[in-house]
Amino acid sequence: MWPLAVGVRVPSLAPRTAAPPKEPGARLVFGGRSPDVACFASVSNARDPLREVGRPVFAVLGDPVAHSLSPAMHEAGLRAWGRPGVYVALRVLAEDFATAAAGAFALGLAGLNVTVPHKARALAVAVDASEAARAIGAANTLVRGERGWVAHNTDADGFVAGLGELGIRHVDRVVVLGGGGAARAVVWGLLARGVAGQVTWISRRPSALPAWAGVAARGWSELSGCLPGSDLLVDATSVGMEGGPTAYPIDPDPAVLAPGAAVVDLSYGRHPSALLRRARAAGRRTQDGRAMLLHQGVRAQALWWGDEVPARVVDAMRRALEM
Ligand SMILES: NC(=O)c1ccc[n+]([C@@H]2O[C@H](COP(=O)([O-])OP(=O)(O)OC[C@H]3O[C@@H](n4cnc5c(N)ncnc54)[C@H](OP(=O)(O)O)[C@@H]3O)[C@@H](O)[C@H]2O)c1
């Protein structure tokens, strides 16, 4: 059977344009002869595509997803690890997610990341799930199982590992802004990993937040009473995200946090967010979303390959994020 050629535009791989591989058993080949098409990778529908023909294909599914740094980060890691593999960003509409995930499994994709707005759907389509994914109610990593995708959430431990880069192992009082999927992962990680003594969770709909022990759910009108003396402020809202809202109901003031407090904004972009700029001006330590992105990605690679990710690979992924 002749492989089917499908073009995938992956600018980061442009120098590797070549003829499609002809491995026996390949069902689908990502690639082509157009100068726009930059990579070739064989996908087989075999049980274990990581150890089958050619280069396994990984993908992140989201909408929007064009801004994602995940392809550059993961490909840098794969290269440094000396493992074959291609990682692409695929835009999937909400109504198509279940079909896309099932199709990716049938086509033999080796592993998936899932981002906004599909993380709850990723858990729903999985045949099994980790404790973290179940508790958080969302998955950002899908790993191949015998009968379908197995859902994991590496955001929670990725966030906690990112805090380690700020030297934070334990803090007493944390304020988390936003009640979406990322916020749930952050709050669960802070509590389940024993990092926070007490979490004040701010949402426009505090009654909709999960009633977890150690959490005080509050509305934005109470923010100014919660911030003074807090040790850590985490912005897990979509404010400032590309195509997202541009303003909070009330601007958080980092200057009232405890001396030595840190401010983490889960979003990332070319420039520091307005919140991080204000936090720096107030003398607070800051971190953007790249630290969490790095560490959740390292954990995803470990799950996909069933192997510990070497430090040199983590370093290559970090460099790809310009951290
Ligand atoms: N660095 C990483 O690795 C990483 C990983 C995941 C996510 N993120 C980032 O984290 C952010 C949130 O992602 P997500 O997946 O949680 O998105 P999401 O599920 O859409 O949740 C975003 C939440 O932000 C809050 N929000 C939205 N507009 C707001 C506004 N104008 N004022 C105040 N709050 C507002 C809402 O919470 P309420 O409705 O409860 O108020 C909403 O549920 C995004 O910037 C995303 O890029 C980063």
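Residues numbered from 1 in each chain as written. Predicted model: local features only at pLDDT ≥ 70, side-chain atom pairs only at ≥ 80, totals over all residues.

Asker: When you look at the pairing of strand β8 (residues 141-144) in this model, what are you seeing that I'm missing?
Answerer: Along any regular strand the residues' side chains alternate between the sheet's two faces. With burial as the criterion, each face of β8 is covered, one bearing T141 and V143 and the other bearing L142 and R144. Of the pairings in the sheet, the one linking strand β6 (residues 111-114) to β8 comprises 3 bridges and is antiparallel in character. Paired with L112 across the strands is L142, a residue of β8. Counted between consecutive antiparallel strands, the loop separating β8 from strand β9 (residues 149-152) contains 4 residues. (Buried ≥ 20, exposed ≤ 12 C-beta atoms within 10 Å, placed from the backbone. Helix = DSSP H or I, 4+ residues; strand = E, 2+ residues; numbered from the N terminus. Pairing = 2+ DSSP bridges.)

Asker: Whenever I open this one, unusual backbone geometry confuses me. Can you help?
Answerer: Glycine aside, residues mostly have negative phi angles, and peptide bonds mostly take the trans form. The omega torsion of the bond from D63 to P64 falls at 5 degrees, within 30 degrees of zero and hence cis. By the secondary structure assignment, P64 is in the loop between β4 (57-62) and α1 (70-81). Cis geometry is adopted by the peptide bond preceding P117, which originates at V116 and carries an omega value of 5 degrees. Structurally, the position occupied by P117 is in the loop between β6 and α3 (119-125). You will see that E322, though not glycine, has its phi angle at about 55 degrees, which is positive. Here E322 is to be found in the segment after α10 (311-320).

Asker: Got a minute to help me understand the sheet that holds β4 in this structure?
Answerer: Working definition: the strands of a sheet are paired by backbone hydrogen bonds and lie parallel or antiparallel to each other. If you walk across this open sheet you meet the 6 strands as β5-β4-β6-β8-β9-β7, and the pairing is mixed. The strands lining the two open edges of the sheet, one partner per strand, are β5 (86-91) and β7 (128-129). Across 4 bridges, β8 lies against β9 in antiparallel orientation. For R144, the partnering residue across the bridge sits in β9 and is W149. Running over the sheet, α1 touches β4, β5 and β6 and is turned about 165 degrees from β5. Here helix α2 (residues 97-107) sits on the sheet in contact with β4, β6 and β9, set at roughly 175 degrees to β4. (Contact = placed C-beta atoms within 7 Å. Axes fitted to C-alpha atoms, helices over the stretch in contact; angles between N-to-C directions.)

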